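Report on the structure
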Amino acid sequence: MSGAPSSSSSSSSSSSQSGQGGGLGGESRCGRVLGPSLDKIIKNAAWRKHSHIVSACKSVLDKLQTLSDSPDPILSCSPLYGFSNPSDAQFVLQPLLLALDSASPKLVEPALDCAFRLFSLGLILRCEIDRPSSSSNPLPSPLIPRLLESVCNCTAAVGEDDAVELSVLRVLLSAVRSPSVLIRGDCLVHIVRTCYNVYLGGANGTNQICAKSVLAQMMIIIFTRVQHDSPLVQFRTVSVSELLEFSDRNLNEGSSIQFAQNFLHEVVQVTEGVVDSNSLPDMQNGLLPSATLDGKAKVDNAELEETVDSTGDSKIREDGFMLFKNLCKLSMKFSSQEQPDDHILLRGKILSLELLNVIMDNVDPTWRANERFLNAVKQYLCLSILKNSALSVMTIYQLLCSIFKSLLSKLRSALKAEIGIFFPMLILRVLENVVQPSFLQKMTVLNLLEKISQDSQIIIDIFVNYDCDVDAPNIFERTVNGLLKTALGPSPGSTTTLSPAQDITFRFESVKCLVRIIKSMGTWMDQQLRIGDFCPSKSTDNGSSAVNYTNFSGEEGTLPDYDMHSEANSEFSNAATLEQRRAYKLELQKGVSLFNRKPSKGIDFLISTKKIGNSPEAVACFLKNTAGLNETVIGDYLGERQEFALKVMHAYVDSFNFERMDFGEAIRFFLRGFRLPGEAQKIDRIMEKFAERYCKCNPNSFTSADTAYVLAYSVIMLNTDAHNNMVKDKMTKADFVRNNRGIDDGKDLLEEYLGALYDQVVKNEIKMNSDSSAPQSKQANSLNKLLGLDGILNLVWKQTDEKPLSANGLLIKNIQEQFKANSGKSESVYHSVTDAAILRFMVEVCWGPMLAAFSVTLDQSDDRTATSECLQGFRHAVHVTAVMGMQTQRDAFVTTVAKFTYLHCAADMKQKNVDAVKAIISVAIEDGNYLQESWEHILTCLSRFENLQLLGEGAPSEASFFTVSNEADEKTLKSSTAFPSLKRKGSLHNPAVMAVVRGGSYDSTSIGVNSSGLVTPEQINNFISNLNLLEQIGNFELNHIFAHSQRLNSEAIVAFVKALCKVSMSELQSPTDPRVFSLTKIVEVAHYNINRIRLVWSRIWSVLSDFFVSVGLSENLSVAIFVMDSLRQLSMKFLEREELANYNFQNEFLRPFVIVMQNSSSAEIRELIVRCISQMVLSRVSNVKSGWKSVFMVFTAAAADERKNIVLLAFETMEKIVREYFPYITETEAVTFTDCVRCLITFTNSRFNSDVSLNAIAFLRFCAVKLADGALVSNEKSKIDDLSVPVGNNDNYSDRQIVTDKDDHSSYWVPLLAGLSKLTSDPRSAIRKGALEVLFNILKDHGHLFSQPLWNNVFNSVVLPIFKCARDRKETQTGDDQLSGGSIWDPETSAVAVQCLVDLFVSFFSMLRSKLHGAVSILVGFIKSPGQGAASTGVAALTRLAVELGDRLSEDEWRNLFLSLKESAAASLPGFWKLVRTMDTTEVPDVANSYNDSEMASDHELSNEDSEDDNLQTVAYVVSRMKSHIAAQLLIVQVITDLFKMHQQYLTSGNIRVVVDILSSVASHAHQLNSEMGLQQKLQRACSILEIPEPPIVHFEIESYQNYLNFLHDLIVNNGLVSEELNVEPELVSVCGKVVQIYLECSGLESVRRQQQQKVHWILPLASARREELAARTPLVVLALRIMSGFVSDSFRRYASQLFPLLVELVRSEHSSGEVQRVLSLIFQSCIGPIVL
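Remember, predicted model here, so these are calculated numbers, not experimental data.

Moving on to the overall build of the chain. Looking only at helices and strands, the chain features 79 helices and four strands. When burial is assessed residue by residue, the chain has 54% of its 1733 residues classed as buried. Taking contacts inside the chain between residues at least 6 apart in sequence as the whole, the part at least 24 apart equals 75%. Carbon and sulfur atoms provide 50% of the accessible area of the chain, an area that totals close to 74000 Å².

Structure, rendered in structure tokens:
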């Protein structure tokens, strides 16, 4: 950069500048410069011709000898340094002016050199040069302007002299460059024009290049000063080679460019003697004090005295604006019709555009801060671009694109509307022309897009402000789609002008642009996400927000356009707002498209989506102002006769204002927006409404609307007639006038009026805007209407001449007017966004085209550069989509790259596929945190890559280790797989290798599994060469991904592990080639990440656990063993870490062992798990905490295993744990005690070895002892103590501890005891007895420690189930079968169990009192059981229980005991009677018949025999059940009787009442049963046939009544008070009478009575059966008679009326024993006699 240099007064330097002059000119600085030049002029002058010049030079030299520098040159009024008097300065410079005006090159050159030195060394200062003198100005020009005028005139005066031209350029540039001289106005223009003339008229190419370079440098200097509003600025030097980028390369003559560059440096870099900037305090802003001007400055113009011009800008900026405007005007000059090929004009135009390009390239925020400059850009520069876009000159197009790039990069926030037009016009039109584009044009566009794409903020802003704006074109979307079309090339079959090389170039450049776009999106996203915490709040406050953008290197990046200056019409927007705007735009576009196909549906859609209102006025406004609508469709819709469409048409017409419009102008204005429909009726409706509206706006135009209507129709017909080529006979003016006669209410319109209307229509066709070459301005302010001029802009692009057509001139004028209209409005808001979420919408637009472009190019091209670009594009696309969480798009890109690796068909691989593998690895490393499900594709590629590496190294296939089953196979394997390296082998026949060579689809889990056929040697060679290609990727890169996994974030590592498990599963499940690559990597990854925080690790392990379980249950034994061993390694490492209390990580970690152990069908795996767990526990026993639960679950599963060795192995470890490491089990969690107990209980069920079971039972007792000793409770207490010391009362704390202890006690005791309880039903007698013994011993020994709730729990869950299980089993078997059943308690076991139960109640009755009822129920159940032994056991136990607890039982407890007996007695009755009733339908054959069956049966009676057999079986079952029932009832009676006898002193009357009720019910039941005579007969016959004893029904009745009578009699005799209270005596009398009555019935007395009533005179003696029954009943009736005889006389007297008839009957009846008669005689003597006598 060159700046305003400092002054120097070094005399030695000055002398060196003076050249040969030596001491000429004196000692002053000016003298040292002027002296040598004047001397040279003198020498070169012709003495006659130039004598006046010589004399002037000599006079000056003489004067210079006497002068010295002014002591204070700053205060002097002279424009020349060192001279205090302006007249002296004029005198000194006069020879130079004369020399310059001499037109002699020999004199001009020294003068120019002197002028150059004066300007460049700062010797001319404090000058404001406004304009050169002219003939119209009578005043003489100031000195310095005259000097510059003379310099400018030299080129014309001297002619084409190369040296003079260069010198002039040098002087002019130095003058412009000088900070001490302000060149303004016309003088500045004159200087620029002079340089122009040198460029345009010069014959020397080098001079032309220098002239262009000088102009460019001037522009940089001038506009840098304008930007800073100061002459003291730093500016850059023009690069000549860059300046010649677009034109004038042909002027380069060898080293011309370098010469021009040196030429600029010579002028710009001069530092000698330049005035110090500090010495010019008043030069700021271009303001000079009037005293420093030439002597006549004060009388020149008053403007020079003003500091600021009338526009409010400084003089520097005023001049800059003027120069900019002039350059724009120069660029818009076109050749005249007389000289269409004016090359000078074209070169001038190009030069102007180049200078404008230089200016715009140096734009900074100052331009956007100045509204005047912005308006200048909009009014002049944009117009220039618009006009010049019509030219076909490539250089002009390139310059326009370059200028447009500057506008887009630096002024886009202020030029939103203009860019919205220029981008489609300049860029998209060329980009979208795929078939027949101009090569240079399209390359220019592609290069421009590549540069634009490198600025990420531009890409974002374009999308935000255009694609998300309803009133703007989709620039970003169209750009991406255009690049896609270019990348894909012309469609097949299309005719194209492109050569193959050009097509390839286009494709590559378009792909490069797409890559730059997605890269920029990623860069911007990274910037936003990295500085998200420092971003300004999203605000709509103008000018209040700025973002500090940084690039990846940490340096400050280029500020985006809106950050350099916040426009008044810009605002920050968030992504949600933009999403709404874009969604609105997309729906609106959908509605427009639907309208163009089906207008009614389109309108309905737009109304339903609330894009337009549902009123006719809103729809009419939409039709009138919306771009993209088909004009023909609009016309058809407006002509419809449906009610709503008709209202819309009326509203549409009413929206026009035809006031003060000529009729022809009005109809033309009306028809510009739509095409009239072809149907006459539709035209009629539209014209009718038009006429009505026109007459309403112009009420005095016609007599009625009918006139306007007819005239409108006539005009339409005339327009069609005049401009339709198909009409041969055109309508004349006379015809038109004649056709319209009488239309004004019978009158004629003026002929002149009709004639003028005719001429207007014929000369200028009425057409729509899209068809018009001279459009009218629409009445709409929206940018969309402006953008709707694309159809008209076609004319600009179709123009090939340099001069636009007149119609296009009108078009440009129209657009210019709209530019001006928009320039003063701020309605076009420029949006800025810092929310990275906007990228989601951008990706939705561009991901499809990018994927297609990258994929097609990568597939079709083998060029390394092109494929590398595509892979870069894929990487950036994955980065953006992954970070933004766009799963579908991310997976699409990742999958595509993965497929292009060709690892699934390695024989077809190329270098680009290897590069794709590298890209996959890079993606995995760089974007691993965001890949989620895409990891699966990447890891699949790595798996296949590793497989190819193994094959290349000659390693045996991993499948070989999984399929070896015997020694023969091993030998075969060794011979087939031990092959040398593939890369040294020409051909192979290994099946695995052949499958890989054949390849397969990307999605196939096994490569080549579905392929068939032979592999050719060529394929083998290709495969081997491709393996060599893969050597570019080493194992380091492969392993780095897995090592890098520890850097992944929490979410990413879980996704990574999931994908790795999935890939590993597919590897292991391969039917042909199972592999363990991913499995080994899983172990590695687990090792790498095992130190992550527990929360993350638990999520990782949740995935790994399921995986290990799935693989551990694999049918492939080798795989399962490998997995379990891997799991063991991880577990050992994990157990090295200590675990705090109450955590569950170890348990979760070891859970896969448990699940596999429980579900594996392989004994080898189960044994391996037991060994692994044993090793881990015994080696890390001190670190095992929550893992004990899983350990015991494994051993529990092992205990139930069907393999003896597994059971013994597990128990061996279990034994060691319990014996030696029991404190560790409950160290942190006492809950594990329960797991240990559960495990031991399972071992007790082992069917292989009774010793194991017995030892396990012994260990359970050991555990109970430990529990009773308080080991667990103390651990729990210490654990609570460790947590915290409670604040407050210690007593409260201890109380709380006791409660906790009791609760924990229960949770530990119950499982242990319940397990022993279940063992009591073990089929092995030793185990049953051992379990019972241990169980009840534990309860006896430690029951005193149990709380009441615990005892309740123990009784319910431990004790009751023992007897319930035994009872249930007994009920399932009957008779002797129960003794043979191995699983049923034997009498000895039952006796032990029942006695133990009684012992518990005796020992802990206070605790178990509430469970007495349950115990009694158990004992009663034994009594009710069919077996005699069990019943006896129950009777004995119940009796003992009552004996031991008799004095401790309360009245209610006794009552409950008796009620239980009563309930048990009654409970079986319904079922019993139901069984008895089945005999009613059972037929039993007679005994005689059964004997003759074998003799009398025939074939057809066989079925009857089967039926009889079934009946007999039924009777046998009934007999058996009846016997059991009778025995149970009698036992209950016995128990009640015995209890009463032993404890009657404790029994209350209420309890005795219950006993009486029981005895009564049993006796009644027995009598009822014995009364079933038919039943007894059937039973007799059946028992006789079956030869089985009959059920003791009679005995049952006798026993029950006998006990009943004895109980009542004893009660009366021994407990008179109770008997009186209960009124027992009447009941006893009733029972005695009942007994006598039954006896009489048995003796046959009742039958005798019946016979007497039938007048039968003989009585048969009793049968033998009757006699036997009568004999059996005799003791009972004797007992009843004795009881009656014992009644006192009063009592007997009370009941004599009841008893006497029975006694009389006894006298008449037959007796089997004389005892009855003796007792009966006693009754009559002792009882009845006293009553009678």
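Moving on: the packing of helix 36 (residues 838–860) against helix 38 (residues 887–900). The N-to-C vectors of helix 36 and helix 38 enclose an angle of 5 degrees; their axes lie 11 Å apart at closest approach. Our classification of the angle between helix 36 and helix 38 gives roughly parallel. Mapping the contact onto sequence places Val843, Glu844, Trp847, Met850, Leu851, Ser855, Leu858 and Asp859 in helix 36 and Gln889, Ala892, Phe893, Thr896 and Phe900 in helix 38. Its residues assigned to classes, the contact of helix 36 with helix 38 shows eight nonpolar, three polar and two charged.

Moving on to helix 13 (residues 343–361). A rise of 1.5 Å per residue sets the reference length of helix 13, with its 19 residues, at 27 Å; its end C-alpha atoms lie 26 Å apart and thus fit the reference within 8%. Buried residues dominate helix 13, accounting for 14 of its 19 residues.

For the chain, the mean per-residue pLDDT works out to 74, and 75% of the residues sit at or above 70. Contacts from residues 272–310, a stretch scored under 50 in pLDDT, to residues over four places away or in other chains number 91 contacts. This model gives residues 1006–1011 a pLDDT under 50, and the stretch forms 18 contacts once residues within four places in sequence are excluded.

A separate point is the packing of aromatic side chains. Per the counting criterion, the structure on display carries 33 aromatic pairs. Centroid distance Phe1042 to Phe1077: 6.0 Å. Interplanar angle 80 degrees. Geometry classified as edge-to-face. Taken together, the residues Phe1042 in helix 45 (residues 1035–1043) and Phe1077 in helix 47 (residues 1077–1089) connect sequence positions 35 residues apart. Grouping residues by exposure puts Phe1042 and Phe1077 together as buried. Members of the aromatic cluster, joined through ring pairs, are Tyr652, Phe656, Phe658, Phe663, Phe669, Phe670, Phe674, Phe690, Tyr694, Phe702 and Tyr753. In this structure, Arg170 is placed above the aromatic ring of Phe116, and the distance from its NZ or CZ to the ring centre is 5.6 Å.

This next bit is on the side chain of Arg225. Within the secondary structure, Arg225 sits in helix 9 (residues 205–228). It turns out Arg225 is buried and unbridged, and the closest side chain with the opposite charge, Asp319, is 9.0 Å from it. If near-sequence neighbours (up to four positions away) are discounted, Arg225 is found in contact with Val176, Arg177, Ser178, Pro179, Val181, Ser230, Pro231, Val233 and Ile316.

Quick look at the pattern of salt bridges now. Pairing between side chains becomes possible if they bear opposite charge and their charged atoms approach one another. This model, assessed by the stated rule, comprises 32 salt bridges. Lys43 is the salt-bridge partner of Asp39, the closest N and O atoms lying 3.3 Å from each other. In this pair, Asp39 and Lys43 are both assigned in helix 2 (residues 29–44), four residues apart and thus about one turn of the helix distant. With a relative accessible area of 61%, Lys43 lands in the exposed category. Across the pair Arg412 and Asp461 runs a salt bridge whose closest N-O atoms are separated by 3.0 Å. One end of the pair, Arg412, is in the loop between helix 16 (394–410) and helix 17 (416–431); the other, Asp461, is in helix 19 (residues 456–467), and 49 residues separate them in sequence. Taking relative accessible area as the criterion, Arg412 reaches 2% and is therefore assigned buried. Put simply, Asp654, Lys689 and Glu692 are held in one network by salt bridges that share partners.

This brings us to the environment of Ala898. Examined against the element boundaries, Ala898 turns out to sit in helix 38. On the basis of relative accessible area, Ala898 is assigned to the buried category, the value being 0%. Distance from Ala898 to Ala919, taken between C-alpha atoms, is 9.2 Å for residues 21 residues apart in sequence.

Phi is positive for Arg660, close to 60 degrees, though the residue is something other than glycine. Examined against the element boundaries, Arg660 turns out to sit in the loop between helix 27 (643–654) and helix 28 (663–670). A positive phi is found at Gln932, a non-glycine position, where the angle reads about 50 degrees. Mapped onto the secondary structure, Gln932 falls in the loop between helix 39 (911–926) and helix 40 (935–953). Residue classification places Gln932 among the partly exposed positions, given a relative accessible area of 26%.

Cut-offs used in this document
- Residues numbered from 1 in each chain as written.
- Predicted model: local features only at pLDDT ≥ 70, side-chain atom pairs only at ≥ 80, totals over all residues.
- Heavy atoms only, no water.
- Helix = DSSP H or I, 4+ residues; strand = E, 2+ residues; numbered from the N terminus.
- Buried < 20%, exposed > 50% of the residue type's maximum accessible area, 1.4 Å probe, protein only.
- Contact = heavy atoms within 4.5 Å.
- Areas by Shrake-Rupley, 256 points an atom, 1.4 Å probe, with all protein chains shown as cover.
- Axes fitted to C-alpha atoms, helices over the stretch in contact; angles between N-to-C directions.
- Parallel < 35°, antiparallel > 145°, perpendicular 65-115°, else oblique.
- Nonpolar A, V, L, I, M, F, W, Y, C, P; charged D, E, K, R; others polar.
- Expected span 1.5 Å × (residues − 1).
- pLDDT = per-residue confidence, 0-100.
- Phe/Tyr/Trp six-rings, centres within 6.5 Å; stacked < 30°, edge-to-face > 60°.
- Lys NZ or Arg CZ within 6 Å of the ring centre and 35° of its normal.
- Lys, Arg positive; Asp, Glu negative; His and termini not counted.
- Salt bridge = Lys/Arg side-chain N within 4 Å of Asp/Glu carboxyl O.

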